[in-house]
Amino acid sequence: MAFQDFDLITEKRKNDRKQKLKRRIAIGAVCTIVVIGLIGAAAFVIVSNNTEEESEVNDHNKKSPSSSSPTSSHSSSGEISVAEKLVKAICSSTDYQDKCETSLTKEVKKDPKLAQPKDVLKLAISVAQDEVNKAINKTKDLNFQTDKEKGAYEDCKKLLDRAKDDLANSSSHVGSVDVNKLTSSSSDLNSWLSAVISFQGACLDGFFEGKLKTEMQSAFQDSTEYVSNTLAILSQLGSVVSSALKEGASRHLLSSDDHKGLPEWMNDEDRRMLKAADDKPTPNVTVASDGSGDFKTISEALKAIPQKYDGRYVVYVKAGTYDETVLIEGRMVNLTLYGDGSQKSIITGNKNFVDGVRTFQTASFAVEADGFLGKAMGFRNTAGPEKHQAVAARVQGDRAVFVNCRFEGYQDTLYALAHRQFYRSCVISGTVDFIFGDAAAIFQNCIMNIRKPLDNQQNIVTAQGRMDPRETTAIVLQSCQIKADDSLASVKDKFKSYLGRPWKEYSRTIVMESEIDDVIAPEGWMEWEGDFALKTLFYAEYNNTGAGSNTDNRVKWPGYKKITREEASNFTVDSFLAGNWISAINVPVQRGLYN
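Keep in mind that this is a model prediction, so the values were computed, not measured.

Peer 1: For this particular structure, what's the right way to read the side chain of Lys 504?
Peer 2: Position of Lys 504 relative to the elements: it lies in the loop between strand 22 (497-500) and strand 23 (508-512). Lys 504 gets classed as buried once you look at its relative accessible area, which sits at 15%. There is a polar contact of 2.6 Å between the side chain of Lys 504 and the side chain of Asp 205. If we ignore the near neighbours within four places in the chain, the residues touching Lys 504 are Asp 205, Gln 464, Gly 465, Arg 466, Met 467, Phe 532 and Ala 533.

Peer 1: Please clarify how the sheet that holds strand 19 (residues 459-464) should be interpreted in this entry.
Peer 2: Adjacent strands of a sheet form backbone hydrogen bonds with each other and so pair up, either parallel or antiparallel. Sheet architecture is open: seven strands sit in the order 4-7-10-13-16-19-22, paired in parallel fashion. In this open sheet, the two edge strands, each paired with only one partner strand, are strand 4 (326-328) and strand 22. Here the strands of the sheet are splayed against their neighbours by 15° on average, with no regard to which way each runs.

Peer 1: Would you mind showing me how to read the environment of Ala 369 here?
Peer 2: As for its position among the elements, Ala 369 is in the loop between strand 7 (365-367) and strand 8 (373-375). A relative accessible area of 1% means that Ala 369 is categorised as buried. Along the primary structure Ala 369 and Ile 328 are separated by 41 residues, whereas in three dimensions their C-alpha atoms are 6.1 Å apart. Once residues lying within four places of it in the same chain are set aside, the contact partners of Ala 369 are Ile 328, Glu 329, Gly 330, Met 332, Val 333, Gly 397 and Asp 398.

Peer 1: Sorry if this is basic, but what is going on with the pattern of salt bridges here?
Peer 2: A side chain with one charge can pair with a side chain of the opposite charge if their charged atoms come near. In total, this model carries 28 salt bridges according to the counting rule given. Salt-bridge contacts for Lys 134 lead to Glu 131; the nearest nitrogen and oxygen are separated by 3.3 Å. Of the two residues, Lys 134 and Glu 131 are both situated in helix 5 (residues 117-139); the distance of three residues between them amounts to about one turn of the helix. One salt bridge in this structure joins Arg 406 and Glu 408, with 4.0 Å as the shortest N-O distance. Three or more residues joined by partner-sharing salt bridges are found here, namely Lys 99, Asp 222 and Glu 225.

Peer 1: Looking at this structure, how should I read the state of the cysteines?
Peer 2: Under the definition given, this model contains two disulfides. In this model, Cys 91 is linked to Cys 100 through a disulfide, with the two sulfur atoms separated by 2.0 Å. Residues Cys 91 and Cys 100 are joined through a disulfide that is left-handed, its torsion about the S-S bond being -75°. By relative accessible area, which is 0% here, Cys 91 ends up buried. Residue Cys 100 is classed as buried on the basis of its relative accessible area of 2%. Sulfur-sulfur distance for the disulfide between Cys 156 and Cys 203 comes to 1.7 Å. An S-S torsion of about 85° defines the bridge between Cys 156 and Cys 203 as right-handed. Taken as a pair, Cys 156 in helix 6 (residues 147-176) and Cys 203 in helix 7 (residues 182-205) lie far apart in primary sequence, 47 residues in all.

Peer 1: Hey, could you run me through the nonpolar core in this one?
Peer 2: Where a protein is soluble and globular, its nonpolar side chains tend to be buried together. Grouped together as the largest cluster of nonpolar side chains are 62 residues, with contacts concentrated most on Phe 365, Phe 402, Tyr 423, Phe 443 and Met 448. Core analysis: the next-biggest nonpolar cluster, separate from the first, contains 57 residues, Leu 86, Leu 121, Ile 125 and Leu 212 among them.

Procedures and definitions
Residues numbered from 1 in each chain as written. Predicted model: local features only at pLDDT ≥ 70, side-chain atom pairs only at ≥ 80, totals over all residues. Heavy atoms only, no water. Helix = DSSP H or I, 4+ residues; strand = E, 2+ residues; numbered from the N terminus. Buried < 20%, exposed > 50% of the residue type's maximum accessible area, 1.4 Å probe, protein only. Polar contact = N/O pair within 3.5 Å; in protein donor to acceptor, adjacent residues only side chain to side chain. Contact = heavy atoms within 4.5 Å. Pairing = 2+ DSSP bridges. Axes fitted to C-alpha atoms, helices over the stretch in contact; angles between N-to-C directions. Salt bridge = Lys/Arg side-chain N within 4 Å of Asp/Glu carboxyl O. Disulfide = S-S within 2.5 Å. Core = buried A, V, L, I, M, F, W, Y, C linked by side-chain atoms within 4.5 Å.

Below, the structure written as structure tokens:
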């Protein structure tokens, strides 16, 4: 499949967009004033409704001084009452209300002046931080006996360190942002908080079923529920502000017209680099297996990256096959890795589960840093179908972008583990669950190449792992082609192939505006085990074409939907990823639906 070439935007469109931008800014300014007024009015209503109650409590306290809390003797009981009422109202939207009310009421009693919605959200994040730390401390007392158990726990510690970072980022961000800007910042907060749940789940996935895994699950139950509560609180507060701003500022914030498709967090130097006419930015270092570059291996080049650097660090990988395990460490923020083509510059490996390597560690290539950009690169795991889980690439850094890349494997080819990810004009090949994980990931104009599996296997394109209904995660396939690989095409009638199956209870996958070949079975989707997750999953299709797109004989599960255009628009780049952070890198991003 050759990807479509696109003309540059016309001058008329530019002028039209400038006019629209001016109107949006004007509307946004008015709406911001309205929101501030609404928040003030809401606070007045809460206080007014509690005036009589506060008066009664104060009269009682005059008669019984000893009833005052020693930890808040400097504050009136009226302030406590207002704060407690606010906590109760905010916690009403959570799934674990008792935990929410008990923990937050305890905190506001310490300082009743923390009676604003934003303050309560920050308190909820703080409580979640404490619970994650408690869970980590509990695991230290568990008995890890085998090498596999010890290894899985080492993976856990890495994942949980990142979870702690995401909670710290959330707390810092809430502390610095105005409440009327929650809509524009909620994408970051939702991503970070959802990732905390994803990382805890990925930690548990490293253990085999049994006593030890049950003990680990018990250790993390409370922390996962507190994070879920925090996501619910964020959603409730954000929706109030969003409804007031929906025709104004929020629409501007989800647009990148003012940066011509490039993300707002990039500086001018980055933008100039990414828009270079030859589309090949000047590299900081060049890797060449033949010795003609600065380094012979990618890993050597990465080790040489300065601990601190300004802007975007660029590594150019010349044509060649690089048989090495490549890790983009967390410190390597805003790294670009580009090659000479996805079938020319290739990172390869063959680590696999059958040979005793944990799935998490089988990846030939892994991204743990934020702001990663990969272009014209190939990522392979050549272990083969008989080796089962064998990951070509694991991606868990936030705001990861891949353009014109190729991911080749069999089972578990691409592990989209967490955070926000965007794939444009990529090829992903595999057999069983070959796109899996709990990221908020959109695949646009990509090819899903279904390969020939083992004789006793069935093919499944996706296995999305959302564990909590509050998580803002999903796998979205938009304007993609889902087809049989050459190895499968001649024998596709012998194997059943499906769009997806529910790896976790709230699995969510959307296939829209895509071409589905007849390789996909008429029922479309496959059970994981029995009726697990069939009521709680969300699988949806919209406006697909091709011989395999007919939905007449699709599964009848409660969670399967044939969605409308309006519903599908919720899973576009602008709506689902708040797409102002995405860099198109000379390949345009479709920010909404195609048709």
